[in-house]
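Listed below are the residues making up each chain.
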Amino acid sequence: MDSSLYVYVEDVRGEGLSVVLDRIAGYGVAGVTVAATCRRARDITPHGRPRVTIRGDGAYFPPPPDLFDGLRLVPPVQDGAEEEPLAELRSATAERGLKLHGWTVFLHSTALGLANLDVTVRDCFGDRGSPADLCPSHPDVRRYAVALGRAVARQGVDSVVAEALHFGTFGRGRHPERGSVPLGPMDVFLFGLCFCDFCMRRAIDLGVNAEVTREECARIVGSVLDGDPPARGEVTRAALTAYAGPEVVAYARARSEAVTSLVSEVSAAVAAEGSSLVFLDATGLVKGRADGLPAPGLAAHDSWQLGVDLVALGDLVPSLGVLAYARDVARVADDVGAYRRSTGKGRELRVVLRPGLPDTDSADRLAAKVRAVRAAGADAVDFYAYGLVPYPILDRIPGALSG
């Protein structure tokens, strides 16, 4: 079974390229998935230099002028990008017989969003309160995503692993936040819907009354902000229909057209550069990121909430990535099985596991998860992430793969 380990460029700089790759090769994985672009973060890096790593938005390579000249949005450049660390990694992985995948954050950038607020998500009140979330419907964002996919493919990677190539959510807690209003899951979902001119126009073209939808979302969320009790329970189409009405559900589902068409354009651009696209669906991350205890609804069944149409994408992209962030082995297997049924057997299914906490408390549990995802139909299993977990946790990987 194919496998890879996620790595940040800072890992390589801090510990040394040869040291990191020799260690990774010893884990028995077939490749390295390196951050070609990164989002803003502060990470505890237990064996890194330094032990707390501050990351900014941007690319680890100089943006090719022929792709970005004339575009409004250009990725910020990380410190040291002029040294072309991806080219060095490409050469070193090839020498060791390892594949190299380019992990790319597409539509999440605080730097670009704050500098260009009109390309970000606009909520039902008309506010731009999620500056990191670039809207997939905005033409400038779409041109940027296509150019970025081409640029990463040109780094000579075996695949471009696409993170955040869909809508985001309001409640992921990406920034230090303060809020004393107890929003329920459905209120958070409605608050996260985008009502920019481009999203509303797409919905209208699909027969949805976008203005009525916006007004209803503003009424419902506004009532909770005014002190009414929030709705409880998981976000499902049935529950959302009862809470907000069928027009809101239709609007939410219509967003998949923007995502599907954009993914198709990016996939074609990446293929034209000689690489292939792996589409990462972040639903498993949203559900299980904090504690590995996702709500009962399976990730594949909830991906519509991010504008992801798995059936449509199964016909468009060569590979789908699943973030199986759950403690329970049976839950991981159920999630992977649901994705396999949604995409069919003709597409590669890559499953990303966290080898340590909060999902995995032992080597035996990691091995059980690897066995479970294989049995559920996964074609590859990847591990996240080299620089974020201690060496003893990484040492679980060889046994899990060989088992």
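Our structure's up above, just so we're on the same page.
Throughout this document, residue positions are counted from 1 along each chain, in the order its sequence is written. pLDDT decides what is reported in this predicted model: residues at 70 or higher carry local features, side-chain atom pairs at 80 or more are listed and counted, and totals for whole chains, interfaces and linings draw on all residues regardless. Note that the side-chain values use all heavy atoms of the structure and ignore hydrogens as well as water.

1. A closer look at the overall build of the protein
Then, number 1: A run of H or I in DSSP becomes a helix once it reaches four residues, and a run of E becomes a strand once it reaches two; helices and strands are each numbered from the N terminus. The secondary structure content of the protein amounts to 18 helices and 14 strands.
Then, number 2: Computation of the radius of gyration draws on C-alpha atoms alone. For the globule rule, the value is 2.2 Å times the number of residues to the power 0.38. In terms of overall dimensions, the protein is globule-like: its C-alpha atoms have a radius of gyration of 21 Å, near the 22 Å expected for 403 residues.
Then, number 3: Each principal axis of the C-alpha atoms in the protein carries an extent, and together these give about 60 × 50 × 40 Å.
Then, number 4: Each of the 403 residues in the protein was classed as buried or not, and the buried ones make up 58%.
Then, number 5: For the protein, the proportion of contacts with a sequence separation of at least 24, taken over those separated by at least 6, is 78%. Note on exposure labels: buried denotes an accessible area under 20% of the residue type's maximum, exposed denotes more than 50%, and partly exposed covers the range between, all computed with a 1.4 Å probe on protein chains only. Residues are treated as being in contact if the distance between any of their heavy atoms lies within 4.5 Å.

2. Quick word on helix α4 (residues 85-95)
Then, number 1: Taken together, the buried positions of α4 are occupied by Pro85, Leu86, Leu89, Ala92 and Thr93. For α4, the buried positions fall inside an angular range of 125 degrees around the axis, keeping them on one side. More than 90 degrees from the buried face of α4, the exposed residues found are Ala94 and Glu95.
Then, number 2: The elements touched by buried residues of α4 are α1 (9-15), α2 (17-26), β2 (31-35) and β7 (99-105). By definition, the arc is the one covered by directions from the helix axis to the C-beta atoms.

3. Digging into unusual backbone geometry
In most cases, non-glycine residues show a negative phi, while peptide bonds are predominantly trans.
Then, number 1: Geometrically, the link from Leu357 to Pro358 is a cis peptide bond, its omega value of 5 degrees lying close to zero.
Then, number 2: For the peptide bond that leads from Tyr384 to Ala385, omega is -5 degrees, which places it in the cis range.
Then, number 3: Mapped onto the fold, Ala385 is located in the loop between β14 (380-383) and α17 (391-394).
Then, number 4: The phi torsion at Glu84 lies on the positive side, around 50 degrees, for a residue other than glycine.
Then, number 5: Tracing the backbone shows Glu84 in the loop between α3 (65-68) and α4.
Then, number 6: Positive phi, normally seen in glycine, also occurs at Ala164, with a value near 60 degrees.

4. As for a negative patch on the surface
Then, number 1: Like-charged residues within 9 Å of one another, or nonpolar side chains (Val, Leu, Ile, Met, Phe, Trp, Tyr) within 5 Å, are grouped into patches, provided each residue has over 30% relative accessible area and no salt bridge. Per-residue and other accessible areas were derived by the Shrake-Rupley procedure at a 1.4 Å probe size, with only the shown protein chains allowed to occlude residues. What counts as a salt bridge is simple: a side-chain nitrogen of Lys or Arg found within 4 Å of a carboxyl oxygen of Asp or Glu. Positive residues here are Lys and Arg, negative ones are Asp and Glu, while His and the chain termini are left out of the count. Where a charge sits is defined by one atom per residue type, namely NZ (Lys), CZ (Arg), CG (Asp) or CD (Glu). A cluster of acidic residues, Asp79, Glu82, Glu83 and Glu88, forms a negative patch at the surface.
Then, number 2: Considering the arrangement of structural elements, one finds Glu83 in the loop between α3 and α4.
Then, number 3: Classification of Glu83 by relative accessible area gives exposed; the value is 60%.

5. Notes on the state of the cysteines
Then, number 1: The criterion for a disulfide is a pair of cysteine sulfur atoms lying within 2.5 Å. Using the criterion set out here, one finds 0 disulfides in the structure.
Then, number 2: Cys135 provides the cysteine sulfur closest to Cys199, a residue in no disulfide bond, and the two sulfurs are 3.4 Å apart.
Then, number 3: What makes Cys199 buried here is its relative accessible area of 7%.
Then, number 4: No disulfide involves Cys217; its nearest neighbouring cysteine sulfur is the one of Cys124, lying 5.6 Å away.
Then, number 5: On the accessibility criterion, Cys217 (0% relative accessible area) is buried.

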